[in-house]
Amino acid sequence: MKLRINNNLKFLFLVGLTLFWVLCSTAQQSEHPRIYITNDSKEAFLKTIENTSWKKELVDQKKEKVEKYLKLVKNDSKWLVSRLQMNWKTKHNKVFLKGGKFSHSEGSAPVATVRYSGTRDWATDYNRPKLENVQPYFDDSRGLYLQHKKTKKMEWVHPSKAGFTVEKINEQIMGIAEDAAFLYWLTGKKKYAELATPIFITYMNGMHYRDAPIDLENSTQQNISGLATFEVIHEGIVVSLVTAYDFLYDYLKAKNTNLENSVAVFQKWGDQIIKNGIPDNNWNLFQARFLTYIGLVLDKNESYKNGKGTEYFLNHTFTTSTDRQLAVKESLLVYDHETGIWPESPSYSVHVITTLLRIFTLLDHATNNNEFLNYPIVEKAALSSFQYLFPNGYTLGFGDANHKILPPENFELLISNYQKYNEKDKEELISGLLSKMISDKLYTRKASDFFQLFFYVDELKTSKSIKESNIESLTSPTFYAPNVSMFNQRMGKGDDALMVSTVGSFGNHAHANGISLELYANNYVLGPDSGKGPSYWHPTHREYYSRFPAHNTVIVDGKSDYAAMRTYNPYKLENYYPEIGETPAFNKVSFSMVSFFEPETVSDQQRFTALIKSNTNKGYIVDVFRSKKQKVGKQKHEYIYHNLGQSLEIFDSKNKLIKLATTDELSSKKGDLKGYDFYKDKKKVILSNDLQALFKLKSEGNPDNLMRLWVKGSENQTIYSVKSPKSNAISKGTAPTEFLKEPMPTLILKRDEAAWKNPFAVVYNPYMENGKNPIEKVTYASLDNYPNTQLIDVLLDDKETIDRIVLNASENDVAAKDAFFQKGLLSITRESKTNKKLEYLFLSGMEKYENDGWNIITSGTPFTLSMERNKVGYLIATDGPITINMPFVKGDKPAELRLYENGEMVSKRKGTTNRNNDNQLVFKIEKAYKKIEIKY
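Residues numbered from 1 in each chain as written. Predicted model: local features only at pLDDT ≥ 70, side-chain atom pairs only at ≥ 80, totals over all residues. Heavy atoms only, no water.

Student: Sorry if this is basic, but what is going on with the overall build of the protein here?
Tutor: Counting secondary structure elements, the protein contains 17 helices and 45 strands. In terms of overall dimensions, the protein is globule-like: its C-alpha atoms have a radius of gyration of 32 Å, near the 30 Å expected for 936 residues. Here the C-alpha coordinates of the protein stretch approximately 105 × 65 × 50 Å along the principal axes. Split into buried and exposed, the 936 residues of the protein put 60% on the buried side. For the protein, contacts bridging at least 24 residues in sequence account for 67% of all contacts bridging at least 6. Carbon and sulfur atoms make up 48% of the accessible area of the protein, which amounts to about 37,700 Å² in all. Between the mean site of the 123 positive side-chain charges and the mean site of the 110 negative ones, the protein shows a separation of 2 Å. (Helix = DSSP H or I, 4+ residues; strand = E, 2+ residues; numbered from the N terminus. Rg over C-alpha atoms; globule rule 2.2 N^0.38 Å. Buried < 20%, exposed > 50% of the residue type's maximum accessible area, 1.4 Å probe, protein only. Contact = heavy atoms within 4.5 Å. Areas by Shrake-Rupley, 256 points an atom, 1.4 Å probe, with all protein chains shown as cover. Lys, Arg positive; Asp, Glu negative; His and termini not counted. Charge placed at Lys NZ, Arg CZ, Asp CG, Glu CD.)

Following this line, the structure appears as C-alpha cells:
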C-alpha cells in the first residue's frame, strides 16, 4: 500500500481549503445534533441498530443503565444532581493550587460552583465511593470522607490526598446525562431529557461562575491547568458535555432554556485549552481533540459578540499555533516521516494515533472531504505501529509502556474511512488484519462509546484469507526508529519465534535505562522491561521503575543515571544486519551493535546482540556488553537481567549447582542508587570460571518454560541472585496470568574493573522442558595479543555442529591466530566439528577475512557477506565489491561464478587460479549483489 506524504506547500493549501469548507458548511448549518450524526441520518442509523447486534447491545446497555437512575430520580428528583461534586454551600468561585495539589477555594457566586480536582497525581490511598454512597450536596470544610484502601476505615482527608476522586465522580454523573441525552434523541421520550437537563445545566452554570485555578506557587502548574482538572489533556468531561448539549439542543430550545452560560463555558474551556498546555509533545493532539468537539458544536463566529465560534476554535485546532498549544499541522511535523514513528514510548505513540484518527473522523464527518488524504502521516503511523509488536501481537514495553495489543479502534476508523470513500483494496487489507486479531481472540468487535457506535462499519469486508493477514506482512526482520532509539530484531515463527528490542532513552515517556533490551522467546516476553510505577510522581516510579536498576542493562559504579520522562540519551546504531525493511535470503543471523555515552559516570558502553538460528528452527541470542569509564581508576560495572520465573539457579562450568550466600550489598547504604533498595532476597557468590544461570517459569498445565544463560567467566566476578519488583509492563498476553503480580528473579554480574576488553558475554538459550534444546554447550575464549576480540563457540544439540562467533570491538580491530585472520567486526561460521565441513559463513563490518583456505577482501569499505552451502556449491550475498579467494584443489575443474539481478542470471564466469596461491580460485565481484552462486 502506497502512502503519500505531501510537500509542505500542498499540505498547507489543502488544510486551508478544508477549513474553508468546514467553516462554510457549519455557517450554513445550525441544526443539532451534528457531532456524530444528523437528523437526516437518523432513519438509517435506526436500521443499523436493529441489524447490527454489537451496536444494539451498546444501546440496550445504555437504556438499562439510565433506567436504573430514572427509578432513583422518580423517587427523588435531585438524586443525581445532588451528587455532583459542587461547592453547594460555599459557592466558591475561586480555586487555588499549590503546585500539583489543590489548596483551597474561596469567594462567592450566585449559584453552586464546580469543585476542582484534588491533585495531579492519580495515585491515592483512598477508594472512590460508588455513586450510591456519595452523600448528596456534600460540601464540608473537613474535606472528603473516604475509605482507606488498606485499613478499610472511613477518614476525613484533604482533597489533595484523594487523587482524581472529585473529577471522576462528576465525569461519571455527566456520562449518565450524556447517555440520557442520546436516548432522548433516539426515542423522543422526554423522560430522558428530563433526567439529563438538570445535571447538564447545573454543572454548566456552576462552571460559568467559577474561575480558572490560580497556582499560589506560580509553578509550571499554572500553565497546564484545565478548568476541571490539573491538566488540560485530561478534561474528558468536555466530550460528555458537548455530546449532551448536541443531543439535548432541540429540547432545550423548545423549553426556552437560556443557553448563553453553556456557550460561554464552552468558549472559556476552549480558551483555557488554547492558553495552557505543553507545546512539544502529545499534549497538543490530546488538547486538539477537545478543541475539535468545542469547535464543531458551536455556531459560526458571527453568532457571538466575542467572535469565538466554529471558525475560531477550528482554526486554533488545525492551523494557528500559540505558545502552549501547537496546531495539528505543526504537531504532525514531530513524526518521523520516514518511519511513521511518534517520539514517545509505544503505549503513548499508539494512543496519539487513536487521537488523530478521532479528530480527523470528526472533521471528515463535518466536511465529507476525505480529510485522511490531507494528513497521510496518520495512515502511515497506524500501519507503522505494527513494528512495535512482539510475534504474539503485543506491543513493546519500554519507557512508560506496557504489553498490549494495538488499539483495534485505529484500524476500525481507517476501515470506516476506506469504506466511506470506496477504497476497497485498503479496506480489505486492514479488515483482514483486524479479522486476524479477532480470530486470534485478541479482539472482539463491540462499541464501548458513542464514537465507536456511530463511526465503526457494521461488518468487516475482506476477500483475503485470514491466514494471509498477519503481523509479518507489516513487520520486518529489523526495524530502527532513531527518534525513540529503538532497534528491533525478529527471527522465526510461531513457537520458534525470537525477538529482541534494544532501546536507549530518547523522546518522551522514556526511562533512564542506558542500553536496555526486552527479549521474547517461548511465546512469552521472558526478559521484559519493568514498565512504570503507580504514577509518575510516586517514589516507586521515580526511584525504581524509571531508573537503571529496573532494566536489562549495565550500571556503572552503582550510579548510572540521568533525567527520565523527557530525555535525550539515545545510543548510536553502529552496525546491523539485515537491512531495515528487508527480508534477505540468508535468514539465519540477525544482529545489532550500538554505542552509548553514560553521562553520570562519564562512561562508554557498547552492546552487541545477535539472534542466531540453530540447525533446527530453534534459535538463541548472543549478548556482548562492553562498559568502561573514560577516567582510569577504580570502577565497577554490573550487568542486570530480569526474567520471568519463580526461580533462578546458578551452576558452575561442570553443571554443578552452586549455593549462594545472603548479602546486604546492592544498597543505597553502600553508595548505590536508591533503586537497588527495591531488590529483595539478595544472595551472592564469587566465581571466576564460566557458569550457567537457569530461570524456570512454571505455569499450571504447561511444561516448564526455561531460559538458560551461558555466562562468560571473569576473575573474581560476583554473581548475584535477587528478586526484583513485579514488572508492570507484562500482561496476560506476554506472561502467564499467575505470574503477573509476582516479583522477577534477576541475575546481576559484577566486575570491579572495566568491562571493555573483557566484556560481559552471555548466550541466552530458551527452550521448553522436555522440548528441543538447540544448545549442548557454550565456551568462551580470548586472544592474548588481541584483547578486543571475543571468541564464542556454541556446540549445537547434535554435538557435531559448532557455531564460532569472532567478535571485535570495532571494524578496525584485528583478530589473528595460526591461519585465522580477521580485520573487521564480526564473523560467524557454522561447520562440522569433525570434518570441518563449512555450512555457512557470515561476515559483517569486514575488511579482510582468512580461514580454512578462504580469503575474502574488501575492494573499498567494510562489507557484509553471507555464504551458505547448497546442493551445487554456495549461495552468496554481498553489500559491496569484494574479492573472494576460495579453496581449490589443483587439477580439479574450476568452480563457476553466477551473478543474479532481480532473480535473473546476468553473468557467469569460471574462477581463475590465484597467482600467489595455486590452491585458491579468485573471483572479483564488482558491486553489491543479493544473489551470487558459486557452482562446482
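Student: Before we go on, may I ask you to explain the packing of helix α8 (residues 283-297) against helix α9 (residues 310-318) in this structure?
Tutor: Working note: a packed helix pair is described by the angle between its axes plus the distance between those axes. Interaxial distance between α8 and α9 falls to 8 Å at its minimum, and their mutual angle equals 160°. Taken together, the axis directions place α8 and α9 in an arrangement best described as roughly antiparallel. Crossing of α8 over α9 shows left-handed handedness. Where α8 abuts α9, its residues A288, L291, T292, I294, G295 and L296 lie against T310, F313, L314, H316, T317 and F318. (Axes fitted to C-alpha atoms, helices over the stretch in contact; angles between N-to-C directions. Parallel < 35°, antiparallel > 145°, perpendicular 65-115°, else oblique. Left-handed = near helix turned anticlockwise from the far one by under 90°.)

Student: Just to check I follow, could you spell out helix α5 (residues 190-208) for this structure?
Tutor: Given 3.6 residues per helical turn, the α-helix brings residues three or four places apart onto the same face. Compared with the 27 Å implied by 1.5 Å per residue over 19 residues, the 26 Å span of α5 between its first and last C-alpha is a close match. Where α5 is concerned, the buried positions are Y192, A193, L195, A196, T197, I199, F200, I201, Y203, M204, G206 and M207. Elements that come into contact with the buried residues of α5 comprise α3 (53-75), β1 (86-87), β4 (113-114), α4 (165-187), α6 (237-254) and α7 (260-275). (Expected span 1.5 Å × (residues − 1).)

Student: What's the story with the sheet that holds strand β20 (residues 619-629) in this structure? I'm lost.
Tutor: Adjacent strands of a sheet pair through backbone hydrogen bonds, lying either parallel or antiparallel. Read from one edge to the other, the open sheet built from 9 strands follows the order β17-β18-β19-β20-β30-β27-β26-β22-β23, with strand pairing classed as antiparallel. One side of each edge strand has no neighbouring strand; the edge strands of this open sheet are β17 (572-577) and β23 (657-658). Bridging between β17 and strand β18 (residues 589-598) involves 5 bridges; their strand directions are antiparallel. Along β18, the bridge assignment pairs Y577 with F591. (Pairing = 2+ DSSP bridges.)

Student: Help me understand the sheet that holds strand β3 (residues 101-106) in this model?
Tutor: Overall, mixed pairing links the 3 strands, which are arranged β3-β2-β8 in an open sheet. Across the chains shown, the open sheet's two edge strands, defined by having one partner strand only, are β3 and β8 (214-215). Two elements, strand β2 (residues 94-98) and β8, share 2 bridges in a ladder whose sense is parallel. Residue pairing in the sheet places F96 in a bridge with I214 of β8.

Student: Got a minute to help me understand the side chain of D803 in this structure?
Tutor: Tracing the sequence through the fold places D803 in strand β33 (residues 801-807). Reaching out from D803, the side chain makes a polar contact with the side chain of Y620 at a distance of 2.6 Å. Other than its neighbours up to four places away in sequence, D803 contacts I612, Y620, I792, D793, V794, L796, T829, R830 and Y840. (Polar contact = N/O pair within 3.5 Å; in protein donor to acceptor, adjacent residues only side chain to side chain.)

Student: So what exactly am I meant to see when it comes to the confidence of the model for the protein here?
Tutor: Interpretation of the predicted coordinates at a detailed level should be avoided for regions scoring low in pLDDT. Counting all residues, the mean pLDDT for the protein is 94, and 96% of those residues have values of 70 or more. In this model residues 1-14 is a low-confidence stretch, pLDDT under 50, and it forms 25 contacts with partners more than four residues away in sequence or in other chains. (pLDDT = per-residue confidence, 0-100.)

Student: For this particular structure, what's the right way to read unusual backbone geometry?
Tutor: For residues that are not glycine, phi is negative in most cases, and the peptide bond is trans in most cases. For the bond running from H32 to P33, omega is -5°, close enough to zero to count as cis. On the secondary structure map, P33 appears in the loop between α1 (8-28) and α2 (42-51). With omega at -5°, the peptide bond leading from Y577 into P578 counts as cis. Tracing the backbone shows P578 in the loop between β17 and β18. Phi is positive for N522, close to 55°, though the residue is something other than glycine. With respect to the helices and strands, the residue N522 is situated in the loop between β13 (516-521) and β14 (524-527). Overall, the relative accessible area of 7% leaves N522 in the buried class. For D681, which is not glycine, the phi dihedral falls at a positive 50°. By the secondary structure assignment, D681 is in strand β25 (residues 680-687).

Student: Looking at this structure, how should I read the packing of aromatic side chains?
Tutor: Given two aromatic rings, their pairing is described by the distance between the two centres and the angle made by the two planes. Enumeration over the complete set of coordinates arrives at 57 aromatic pairs. Judged by centre distance (5.9 Å) and plane angle (75°), the ring pair of F506 and Y568 falls under edge-to-face. With F506 in strand β12 (residues 505-510) and Y568 in strand β16 (residues 565-569), the pair connects residues that are 62 residues apart, well separated along the chain. Judged by its relative accessible area of 25%, F506 falls in the partly exposed class. Judged by centre distance (5.7 Å) and plane angle (85°), the rings of F820 and Y849 are edge-to-face. (Phe/Tyr/Trp six-rings, centres within 6.5 Å; stacked < 30°, edge-to-face > 60°.)

Student: It is not clear to me how the pairing of strand β41 (residues 896-901) should be interpreted in this structure. Could you clarify?
Tutor: In the case of a regular strand, side chains alternate between the two sheet surfaces. Burial of β41 is extensive: 5 of the 6 residues sit out of reach of the surface. Pairing of β41 with strand β42 (residues 904-910), which is carried by 6 bridges, proceeds in the antiparallel orientation. Looking at β42, one finds that L897 is bridged to R909. The antiparallel pairing of β41 with β42 creates a hairpin that spans 2 residues between the two strands, and N902 there sits at a positive phi of about 55°. Sheet topology places β41 next to strand β45 (residues 929-935); 5 bridges connect them, and they run antiparallel. Looking at the pairing, R898 lines up with E933 of β45.

Student: Would you take a moment to explain the pattern of salt bridges for this structure?
Tutor: Between side chains of opposite charge, a pair can form when the charged atoms approach closely. Summed over all chains, the structure comprises 40 salt bridges. K588 is paired through a salt bridge with E868; the nearest N and O atoms lie 2.6 Å apart. Of this pair, K588 sits in the loop between β17 and β18 while E868 is found in strand β38 (residues 863-869), placing the two residues 280 residues apart along the sequence. By the burial criterion, K588 is buried, and E868 matches it. (Salt bridge = Lys/Arg side-chain N within 4 Å of Asp/Glu carboxyl O.)

Student: For this particular structure, what's the right way to read α6?
Tutor: Over its 18 residues, α6 runs 25 Å from end to end, which matches the ideal 26 Å to within 8%, given 1.5 Å per residue. The largest bend in α6 is about 60°, located at L248. Where burial is concerned, most of α6 is hidden: 15 out of the 18 residues are buried. Where α6 ends, the next residue or the one after it, N256, has phi of about 55°, a positive value. (Bend = angle between axes of the 7 residues up to and from the residue.)

Student: Can you help me understand the pairing of strand β19 (residues 603-613) in this one?
Tutor: Most of β19 is tucked away, with 10 of its 11 residues classed as buried. The sheet contact formed by β18 and β19 spans 10 bridges and is antiparallel. By the bridge assignment, V594 is partnered in β19 with R607. Between the antiparallel neighbours β18 and β19 lie 4 residues, among them V602 with a positive phi of about 50°. Sheet topology places β19 next to β20; 11 bridges connect them, and they run antiparallel. What sits directly across from A610, in β20, is V622. Connecting β19 to the antiparallel partner β20 that follows it, the hairpin turn spans 5 residues.

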